[in-house]
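So you can see what is in the structure, the chains are spelled out below.
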Amino acid sequence: MAPPLGDIAHIGHAQLFTPDLDASVAFFTDYLGLTVNGRDGDTVYLRTYDDYEHHSLVLTARAQPGLGRLALRTSSEEALQRRIKAIEEAGGAGRWVEDEPGLGKLYVTTDPDGHEHALYWESEYYRAPDELKPALKNQPQAKPNRGVGVRRLDHINFLAADVLSSAEFQQQVLGARPTEQIRLNGGRIAARWLTYTNKSYDVVYTEDWTGSAGRLHHIAFATDTREDILRAADLAIDTGVFIETGPHKHAIQQTFFLYVYEPGGNRIELCNPLTRLVLAPDWPLITWTEEERKKGQAWGLKTIESFHTHGTPPVG
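Keep in mind it's a predicted model, so treat the numbers as computed, not measured.

As a further point, take the overall build of the chain. Within the chain one finds five helices and 17 strands. At 19 Å, the chain has a C-alpha radius of gyration in line with the 20 Å of a compact globule built from 316 residues. On the principal axes, the C-alpha backbone points of the chain span a range of 55 × 45 × 40 Å. A total of 316 residues make up the chain; the buried ones form 55% of that total. Taking the intrachain contacts of the chain between residues at least 6 apart in sequence as the baseline, contacts between residues at least 24 apart amount to 66%. Roughly 13800 Å² of accessible area belongs to the chain as shown, and the carbon and sulfur atoms make up 51% of that amount. If the 32 positive side-chain charges of the chain are averaged to one point and the 43 negative ones to another, these points end up 4 Å apart.

So, on to the sheet that holds strand β4 (residues 57-61). Read from one edge to the other, the open sheet built from eight strands follows the order β2-β3-β4-β1-β5-β8-β7-β6, with strand pairing classed as mixed. The open sheet terminates on both sides in strands that have one partner only, identified here as β2 (35-40) and β6 (95-97). With direction set aside, neighbouring strand axes in the sheet form an average angle of 25°. Relative to strand β7 (residues 106-110), β6 runs antiparallel, the two being bridged by three bridges.

With that settled, consider the pattern of salt bridges. Under the defined criterion, the tally for this structure stands at 20 salt bridges. Among the salt bridges present, the one from arginine 82 reaches aspartate 7, with a minimum N-O distance of 2.7 Å. Separated by 75 residues along the polypeptide, arginine 82 in helix α2 (residues 77-89) and aspartate 7 in the segment before β1 (8-18) bring together distant segments of the chain. A salt bridge links glutamate 116 to arginine 69; its shortest N-O distance comes to 3.4 Å. Of this pair, glutamate 116 sits in strand β8 (residues 116-120) while arginine 69 sits in strand β5 (residues 66-74); the two residues are 47 residues apart in sequence, bridging distant segments of the chain. Taken individually, glutamate 116 and arginine 69 each receive the classification buried, so the pair is uniform in this respect. Through salt bridges with shared partners, a single ionic network connects Arg69, Arg95, Asp99, Glu100 and Glu116.

This paragraph deals with the confidence of the model for the chain. Across the chain, the average pLDDT comes to 93, with 94% of residues at or above 70. Scored below 50 in pLDDT, residues 306-316 makes 37 contacts in the model with residues more than four places away or belonging to other chains.

This part covers the packing of aromatic side chains. The final tally for this structure, using the stated rule, is nine aromatic pairs. With a centroid separation of 5.0 Å and an interplanar angle of 90°, the aromatic rings of phenylalanine 27 and phenylalanine 28 are classed as edge-to-face. According to the relative accessible area criterion, phenylalanine 27 is buried, its value standing at 5%. Here the aromatic rings of phenylalanine 257 and tyrosine 259 are separated by 5.3 Å at their centres, their planes lie at 65°, and the arrangement is edge-to-face. The same class applies to phenylalanine 257 and to tyrosine 259, which are both buried. An aromatic cluster is built from Phe27, Phe28, Tyr31 and Phe221, whose rings are joined through pairwise contacts. In this arrangement the basic side chain of arginine 62 is found over the ring face of phenylalanine 17, its NZ or CZ atom lying 3.8 Å from the centre. One Lys or Arg, lysine 105, reaches over the ring of tryptophan 96 and ends 4.9 Å from the middle of that ring.

Here the focus is a negative patch on the surface. A cluster of like negative charges, contributed by Glu77, Glu78, Glu98 and Glu122, occupies part of the molecular surface. You can see glutamate 122 is positioned in the loop between β8 and β9 (152-160).

Taken across its five residues, strand β3 (residues 43-47) has five buried, putting it largely inside the fold. The side-chain alternation of β3 yields two buried faces, one formed by Thr43, Tyr45 and Arg47 and the other by Val44 and Leu46. Pairing between β2 and β3: four bridges, direction antiparallel. Bridged to valine 36 within β3 is leucine 46. Hairpin geometry of β2 and β3 is characterised by an intervening segment of two residues between the two adjacent antiparallel strands and by a positive phi of about 65° at glycine 41. The pairing of β3 with β4 spans four bridges and is antiparallel. Counted as the bridge partner of leucine 46 is leucine 57 from β4.

Cut-off values and rules
- Counting of residues starts from 1 at the beginning of each chain's written sequence and follows it residue by residue.
- Totals for whole chains, interfaces and linings use every residue, but because this is a predicted model, local features are given only for residues with pLDDT of at least 70 and side-chain atom pairs only at 80 or more, for both listing and counting.
- Side-chain metrics rest on all non-hydrogen atoms present in the structure, leaving aside hydrogens and water.
- In DSSP terms, a helix is any run of H or I states spanning at least four residues, a strand is any run of E spanning at least two, and both are numbered starting from the N terminus.
- Radius of gyration: C-alpha atoms only; globule rule: 2.2 Å multiplied by the number of residues to the exponent 0.38.
- Only protein chains enter the accessibility calculation, which uses a 1.4 Å probe; a residue whose area is less than 20% of its type maximum is buried, one above 50% is exposed, and one in between is partly exposed.
- In what follows, a contact means two residues having at least one pair of non-hydrogen atoms within 4.5 Å.
- For the area figures, the Shrake-Rupley method with a 1.4 Å probe applies, and any residue is considered shielded solely by the protein chains shown.
- By the counting scheme adopted, Arg and Lys are positive, Glu and Asp are negative, and His together with the chain ends is not counted.
- For the purpose of locating charges, the reference atoms are NZ of Lys, CZ of Arg, CG of Asp and CD of Glu.
- Two strands pair if DSSP finds at least two bridges between them.
- Interaxial angle, 0 to 180 degrees, is taken between N-to-C directions of lines fitted to C-alpha atoms, where a helix line uses only the stretch in contact.
- The working definition used for a salt bridge is a side-chain nitrogen of Lys or Arg within 4 Å of a carboxyl oxygen of Asp or Glu.
- As a per-residue measure, pLDDT reflects the predictor's confidence and takes values from 0 up to 100.
- Here the aromatic set is Phe, Tyr and Trp, taking the six-membered ring for Trp, and pairing holds for ring centres within 6.5 Å; pairs whose planes are under 30 degrees apart are stacked, those over 60 apart are edge-to-face, and all others are tilted.
- Cation placement over rings: the criterion is NZ of Lys or CZ of Arg within 6 Å of the ring centroid and within 35° of the ring normal.
- Candidate patch residues must exceed 30% relative accessible area and have no salt bridge, after which like charges are joined if within 9 Å and Val, Leu, Ile, Met, Phe, Trp or Tyr side chains if within 5 Å.

This is the structure in structure tokens:
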């Protein structure tokens, strides 16, 4: 039986590894418009302007790029304990850590593919310093006057050797709802989109063509409008940011998007999900066939098929 919905309130933040910490920090602050909100040795904490918590992104120096952990805030202390019980009853294990500013204890576990997840409840609300105080009291921080000015961390797309087992972990253990998926001709699920909230998706699992485990496809930041994504493309060519594909519109989930790379080697998506929400409590899982996916994106752009040095292609 699936757990009750609502125990996971939202994505809290993501941790990325980067072999060029200073260049990655410059990308996220100067190009995307995030604000540095603390540093501890080789780790830097950054936040989007509309995040109520201490940080939205953690950058840590490491020899290779990739994802450290995805942190998920629960809807209560009781919800946190329910999810821990569900993890352990499913045969999983975890450990408690208290290693991030602005947060209490985090329960760290992994999905079947080895991606690290941290669940927590205790969190301090962000208080902007005078130079970042907003004019509107219901906004955590003033909008940035530089870069794209992304609003929030929107979603995470994991690469997985076995999409179905990891997606079922999200559904049966963490309580996510599946909204869309890709089924290949042989019946294998090649990708699945899931949500913890009324957003149409918060996490995605995409089949890793290499058969590797625990890798990242991309993390995505939401913009206010489609126009912001067009502006982001202009800023990218002006500042030397590598554009992989877009701007364009995904067929799956209908997201207007741009894929770029930050200097450390991680793929970053800028997205405007058109305020598309899943309001139906009995939302049916939408399945896309292999033939339908061959048609490419919503307006005919072909999904990238070749594998260049930056990694694997987006499939959304």
